[in-house]
Each structure stands twice: as C-alpha cells, then as structure tokens.
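As a plain string of letters, each chain reads:
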Amino acid sequence: MNEEPSRLQLLHFARRVVVQQATAALAQLDGWIREEERREKERRRGEEMRPAPPEWLIQYGLNRRNVDAVHTGDCWAAAKSGRCRPATRQQALDALRRQVPACVHCRPDTALGMLD
C-alpha cells in the first residue's frame, strides 16, 4: 500500500529544506563578506603605502627640456597636462626666479611667498 505522508511530516520536511537553503545562502553571504573585507584591507594598505604627493611640480614642454610652468602639487591643471615632474621647494623657487611662469590656477608663486 502507498501511504501518503501526513501534514506534520510535510511540515517537518519543508522546515528541513528551508534550513538547508538558509544555511547555503548564509555561507554564500559570509563568503561575499570575507571577500569584501579582504578588498577593503588591501585598499587601506594601498592608501597607507602610497607615497605622499609632491608639494611642487614643474611642467616641461613637449621636447622635455623646456620648462613651461611651476605648479603646486595638487593643481588640477598639472595633472591634466601629464608633463609634470615632482620638484623640491628650492627647485620651484629657482624656476620662478628664472622667469618660468607660475600656473594661473594654483598660484605657486603666492604659495611660495614670492607674491602677496
């Protein structure tokens, strides 16, 4: 004889299925959390190891010999040009004294105390 499962047996079976699916979903979610924590840790470590940006930049011409301008280290125009190299404060001062133009956006001459 083929006996049908009782309503109580079906409810217990449904509970086991839900527990099994929830356990699998939690394991997947825990894996995603671990992966995101690893990425966040790597991002923080990368930020800590990144060298400090230069305080001053000197922009070179297309031939890489002519000096076109002096910038502060955080100047957006310098970043956009792609032709800048880091410089010390003394190098920036020397360039300005040699009549190299100061960037009109970041005004390194004012930041260096050459103009008020």
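Calculation notes
- Going along each chain's sequence as written, the residues are numbered from 1 onward.
- This being a predicted model, a pLDDT of at least 70 is required before a residue's local features are given, and a value of 80 or more before pairs of side-chain atoms are given or counted; all residues contribute to the totals for chains, interfaces and linings.
- Calculation of side-chain values draws on the structure's entire complement of heavy atoms; hydrogens and water are dropped beforehand.
- Should a side-chain nitrogen of Lys or Arg be within 4 Å of a carboxyl oxygen of Asp or Glu, the pair is scored as a salt bridge.
- Helix and strand definitions follow DSSP, with helices as H or I runs of at least four residues and strands as E runs of at least two, each counted in order from the N terminus.
- In this scheme, a residue with accessible area under 20% of its type's maximum is buried, one over 50% is exposed, and one in between is partly exposed, where area comes from a 1.4 Å probe on protein chains only.

> How would you sum up the pattern of salt bridges? Please name residues and give values.
Where charged atoms of side chains with opposite charge meet at close range, the side chains can pair. All told, the structure shown has ten salt bridges when counted by the stated rule. Put simply, Arg-44 and Glu-40 hold a salt bridge, and the shortest N to O gap is 3.7 Å. You can see Arg-44 and its partner Glu-40 sitting in helix α1 (residues 7–49), four residues apart, about one turn around the helix. Between Asp-68 and Arg-83 there is a salt bridge; the shortest N-O distance is 3.2 Å. Pair noted here: Asp-68 is in strand β2 (residues 67–72) and Arg-83 is in the loop between α2 (76–81) and β3 (84–87), with a separation of 15 residues, a long-range link. Among the residues examined, Arg-83 registers a relative accessible area of 23% and is labelled partly exposed. Salt bridges linked by common partners bring Glu-35, Glu-36, Arg-38, Arg-39 and Glu-42 together as one network.

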